[in-house]
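# Summary of the model geometry
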Amino acid sequence: MKHWNYNEEFEEKYKYMGDDLGAVYTPEKTAFRVWAPTADTVTLKLYEDGERRKPLDHVQMKKSERGTWVAELSGDRNGLYYNYEVTVDSVTREAVDPYARAVGVNGECGMVIDLAATDPEGFAGEERPQMILLTDAVIYESHVRDLTVDEGAGNPYPGKFLGVGVTGTKNRDGASTGLDYMKELGVTHLQLLPVYDYATVNEADTENAMYNWGYDPKNYNVPEGSYSTDPFHGEVRVREFKQMVQAIHKEGLLVIMDVVYNHTYDAEDFCFQKIVPDYFFRKTEDGRFSDGSACGNETASDHVMVRKYIIDSVCYWAKEYHIDGFRFDLMGVLDKETMRELRKAVDQINPDIALYGEGWTGGPCAIDAGERCMKADTWQLDGIGAFNDDIRDSIKGSVFYAAEPGFVNGGSGFEEAIRFSVTGAVGHPAVHFDNEAGVWAEKPEQSINYVSCHDNYTLWDKLKESCPDASVEVRKAMNNLAAAIVYTAQGVPFMQAGEELLRSKPTDTTADGIAENSYNLPDETNRIRWNTRSEHADVFAYYQGLIAFRKAHAGLRMRTAEEIAERIIFKDTDWKNVVAYEITGSKEQKERLFVVYNANEQAVRVELPGDGTWELYIDKNHAGNVPLGSVSENVQVEGISAAVFVQKI
Ligand code: CA
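Counting restarts for each chain: residues are numbered from 1 in the order of the written sequence. Two thresholds apply to this predicted model, a pLDDT of at least 70 for residue-level local features and 80 or more for giving and counting side-chain atom pairs, whereas whole-chain, interface and lining totals are computed over all residues. For side-chain calculations, the full set of non-hydrogen atoms in the structure is used, while hydrogens and water are omitted.

### A word on the overall build of the protein
When helices and strands are counted, the protein shows 15 helices and 27 strands. Both definitions apply: the radius of gyration is a C-alpha atom measure, and the globule rule equals 2.2 Å times residues to the power 0.38. Compactness check: the protein gives a C-alpha radius of gyration of 26 Å against a globular reference of 26 Å for 649 residues, within 12% of the reference. Oriented by its inertia axes, the alpha-carbon framework of the protein measures out at about 85 × 55 × 50 Å. Each residue is assigned to one of three classes by its accessible area relative to the maximum for its type, calculated with a 1.4 Å probe on protein chains only: buried under 20%, partly exposed between the two thresholds, exposed over 50%. Burial statistics for the protein: of 649 residues in total, 62% are counted as buried. Here the Shrake-Rupley method, with its probe set to 1.4 Å, supplies the accessible areas, and only the displayed protein chains count as covering residues. In the form shown here, the protein has an accessible surface area of approximately 24,400 Å², with 47% of it arising from carbon and sulfur atoms. One way to put it: in the protein the 66 positive side-chain charges average out to a point 2 Å from where the 106 negative ones average out. Starting at the N terminus, helices and strands are each numbered in turn, a helix being any DSSP run of H or I of at least four residues and a strand any DSSP run of E of at least two. The charged-residue count follows a simple rule in which Lys and Arg add positive charge and Asp and Glu add negative charge, with His and chain termini not counted at all. Where a charge lies is defined by one atom per residue type, namely NZ (Lys), CZ (Arg), CG (Asp) and CD (Glu).

Printed below as a string of structure tokens:
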């Protein structure tokens, strides 16, 4: 095959900025446009079914402006399946439309769709919950199956989009599960692991459901079929996804989508690759696919039409499916210009839509380091946040070394890292934390604070791995101290679903009986065990109380670096492994807060700032908006615990 040089000249000549790529449906006609500047011919192949068993006609497409090819079919073509057959340098391949809005089973064939007809009643003008600044959010991360498949979930649609939107579900003991449960806990956003069409689950085998996280994108603009009740009819997954979003919104929660634009499942088999060979992916100097994702390839987001593709895709999900935020997998693989342009485009839809991602890559990328969206550069990316691995690793120890402890589980020397973490990565004149990225956020809303997510051990499993000899009670104390730090820190609290039920990922395939990476392990490992709710009622109540307390005190949710620098006063104590700070009052907030984290096994006595009486609201076993007692002058803080006090002024 001829080697195409995708240089600036090529980009300038073929850049197509129209909004009509894909199959544009109206009841009178459907217009197709595909960008294929290197093609010799393009044919529109039509099918009656999504499995391509019943071919219909095919239509030669005509060359149009800027490397695009067009065809038009008259009449109402809703439900018609189609692909493009593209010949480049005498090699002919059949590809799904990269802009397909619906596909057949397993995403092998695009489908013309009347999107308006898939709207559930009231969806078009739905009243969405109020969008809030991320510092006021509590983000809860889950996989569709994890949330719904357990017997204890009591869910009528296990493993389905519809199951995520169901209310009234209860476990064995009559306690709420799923959406009702999230409301009860107090979370504001549900972040779903990939829900676009991914490759490795066989949608056609509806009897034997497979499990995968879904970080293996196949069709970016279509919901995953295995989460629908009928993956064979393209419109069903579209409608059911919308029903899910509508149901979540109706309960007052917002929806964040995990998007994986940094790589695709199989580079050679990806539709864009078949249509415009080697344009979608970055290559190494010796002509191989560069692998900055550690998944076999890396997206050339810096190519003009790839950038447009990513931006169009995100905007499409935001508009068509009413998605409230996006979490970018390996955002470090994407280039800054793309993310900045994306922020601008999303602002046109709704400036409150949240954008944040992983500020790292999976390996070396074929793009200059300065162009990548790395965590250290977050301050240069206005309106885009990054996961805070400083807080994650300083609280509980490295995710790469299971036995290595952090602040709460027996480590030492983490005081400065914890101080840095509670500033929301915007820094503070009194904090001198020696990390690679330095002070990396400009605003606290850019710091996604977490101690557990789908990756790596769950918090509970990490505590077991790092403290094998500690009792369950001690590990519970560590767990609660970890949570108290996340929920009192400035920035954006984020948690893996089930952290508040001491979620574990048991498996019989590892020596220690728990899974570190459960991306393709069965439900048995991954599901949230809803019947453990009563067993862990105390931990649940603690999280619920932390969340309620955070929501009641704006001092924990400051919005600027200046305010954080001014209002947080770190206190020296006589103790190692203790961090204590005051949050002063303000014009609007007529109260002072005092926060102590004691990671020592023994209790410590700490002086309270200034005069007067303080009310205790959070201690080792309680959290919430009910005062637990009054103290003045100094106070004893129990071993491995947080204590938070309020004084009205
Ligand atoms: Ca799929």
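So much for the structure itself; the text now carries on.
### Some thoughts on empty space enclosed by the protein
The way it works is a 1 Å grid over only the protein atoms, where trapped points that fit a 1.4 Å probe form a cavity and open points with protein on both sides within 12 Å along at least five of seven lines form a pocket, and then any residue with an atom within 4 Å of a point lines it. Grid points are joined across faces, edges and corners, and a volume is the space filled by probe spheres set on the points. Tallied over the entire structure, the rule returns five cavities of 30 Å³ or more. Roughly 100 Å³ of volume is contained in the largest cavity. Along the walls of the largest cavity sit 13 residues, with Val34, Trp35, Pro98, Tyr99 and Phe272 positioned nearest its centre. When residues of the lining of the largest cavity are traced back to their parent elements, those giving at least two are β2 (29-35), α6 (271-275) and α7 (304-320). Examining the composition of the lining of the largest cavity, we find that three residues originate from one element, β2, more than from any other. Any residue outside Ala, Val, Leu, Ile, Met, Phe, Trp, Tyr, Cys, Pro, Asp, Glu, Lys and Arg is labelled polar, Gly included; the first ten of those are nonpolar and the last four are charged. In terms of residue class, the lining of the largest cavity is built from 10 nonpolar, one polar and two charged.

### Quick look at the packing of aromatic side chains
To pair, rings of Phe, Tyr and Trp, with the six-membered ring standing in for Trp, must have centres within 6.5 Å; the planes then decide the type, stacked if under 30 degrees apart, edge-to-face if over 60, and tilted in the middle. Counting across every chain of the model gives 46 aromatic pairs. Seen in terms of ring centroids, Tyr220 and Tyr261 are 5.0 Å apart; in terms of plane orientation they differ by 25°. Their pairing is stacked. Of this pair, Tyr220 sits in strand β13 (residues 217-223) while Tyr261 is found in the loop between β14 (254-259) and α6, placing the two residues 41 residues apart along the sequence. There is no split in this pair, since Tyr220 and Tyr261 are both buried. With 5.6 Å between their ring centres and 80° between their planes, Phe272 and Tyr309 make a pair best called edge-to-face. Pair noted here: Phe272 is in helix α6 and Tyr309 is in helix α7, with a separation of 37 residues, a long-range link. Overall, Phe272 belongs to the buried group, its relative accessible area being 5%. Charges are assigned to positions over rings by a cutoff of 6 Å between ring centre and Lys NZ or Arg CZ, combined with an angular limit of 35 degrees from the ring normal. Taking the ring centre of Tyr321 as reference, the NZ or CZ of Lys242 above it sits at 5.8 Å. Seen from the ring of Phe289, Lys283 lies directly overhead, with NZ or CZ sitting 4.4 Å from the centre.

### Quick word on the side chain of Asn577
Note on placement: Asn577 falls in the loop between β20 (568-571) and β21 (578-583). In terms of polar contacts, Asn577 uses its side chain to reach the side chain of Asn600, at 3.1 Å. If near-sequence neighbours (up to four positions away) are discounted, Asn577 is found in contact with Phe407, Gly411, Ser412, Gly413, Glu415, Tyr597, Asn598, Ala599 and Asn600. Nitrogen and oxygen atoms within 3.5 Å of one another constitute a polar contact, given that in protein one can donate a hydrogen and the other can accept it, and given that sequence-neighbouring residues count only through two side-chain atoms. Residue contacts follow a heavy-atom distance rule, with two residues in contact if any of their heavy atoms lie within 4.5 Å.

### Let's talk about the sheet that holds strand β18 (residues 447-449)
The eight strands lie next to each other as β10-β11-β14-β15-β16-β17-β18-β19, forming a closed barrel whose pairing is parallel. The sheet shows a mean angle of 30° between the axes of neighbouring strands, taken without regard to direction. Inspection of the sheet shows strand β10 (residues 139-142) paired to strand β11 (residues 189-192) by four bridges, in the parallel sense. Paired with Ile139 across the two strands is His189, which belongs to β11. Pairing between two strands is assigned when DSSP locates at least 2 bridges connecting them. Under this scheme, a helix contributes an axis fitted over its contacting stretch, all axes are lines through C-alpha atoms, and angles between N-to-C directions fall in the 0 to 180 degree range.

### A few points about the packing of helix α9 (residues 389-396) against helix α10 (residues 415-422)
In contact at an axis separation of 9 Å, α9 and α10 are set at 140° when each is read in the N-to-C sense. As far as their axial angle goes, α10 and α9 are oblique. Where α9 crosses over α10, the handedness of that crossing is left-handed. Touching Asp390, Ile391, Ser394 and Ile395 of α9 are Ala417, Ile418, Phe420 and Ser421, all from α10. Split into classes, the residues belonging to the contact of α9 with α10 amount to five nonpolar, two polar and one charged. Roughly parallel means an angle under 35 degrees; roughly antiparallel, over 145; roughly perpendicular, 65 to 115; everything else is oblique. Whether a crossing is left-handed or right-handed is set by the direction in which the near helix is turned from the far one by less than a right angle, anticlockwise for left-handed and clockwise for right-handed.

### Focus on unusual backbone geometry
Unlike most non-glycine residues, Arg52 shows phi in positive territory, near 60°. For Arg52, the location among the structural elements is in the loop between β3 (41-47) and β4 (55-60). You can call Arg52 partly exposed: its relative accessible area is 32%. The backbone phi angle of Asp89 is positive, close to 50°, even though this residue is not glycine.

### Points about the pairing of strand β24 (residues 613-618)
Consecutive side chains of a regular strand alternate in pointing toward one face of the sheet and then the other. Bridge analysis of β24 against strand β25 (residues 629-632) gives four bridges, and the strand direction is antiparallel. Each bridged residue has a counterpart across the sheet, and for Leu616 the counterpart in β25 is Gly629. Sheet analysis places β24 next to strand β27 (residues 641-648), joined by three bridges and oriented antiparallel. Pairing of Leu616 across the sheet is with Phe645, part of β27.

### Some thoughts on a negative patch on the surface
Taken together, Asp572, Asp574, Glu607, Asp611 and Glu633 make up a surface patch of like negative charges. Along the chain, Glu633 turns up in the loop between β25 and β26 (634-637). To count toward a patch, a residue needs a relative accessible area over 30% and no salt bridge; like charges are then connected within 9 Å, while nonpolar side chains (Val, Leu, Ile, Met, Phe, Trp, Tyr) are connected within 5 Å. Salt bridges are defined by distance alone: a side-chain nitrogen of Lys or Arg within 4 Å of a carboxyl oxygen of Asp or Glu.

### A few points about the coordination of the calcium ion
Each metal's donors are the N, O and S atoms found within 2.8 Å of it, except that Na, K and Ca use a 3.2 Å limit; water is left out, so coordination can look incomplete. Looking at the calcium ion, one finds its protein donor set to be Asp197 (OD), Tyr198 (O), Glu203 (OE) and Glu224 (OE), positioned 2.2 to 2.4 Å from the metal centre. In terms of primary sequence, the donors binding the calcium ion are separated according to D-Y-x4-E-x20-E.

### Focus on the environment of Arg77
Mapped onto the elements, Arg77 comes out in the loop between β6 (68-74) and β7 (81-88). Accessibility expressed as a relative area gives 28% for Arg77, which makes it partly exposed. Remark: the alpha-carbon pair of Arg77 and Tyr25, spanning 52 residues in sequence, is separated by 7.6 Å. Not counting residues up to four positions away in its chain, the partners in contact with Arg77 are Tyr25, Thr30 and Val112. In terms of polar contacts, Arg77 uses its side chain to reach the backbone carbonyl oxygen of Ser74, at 2.8 Å.

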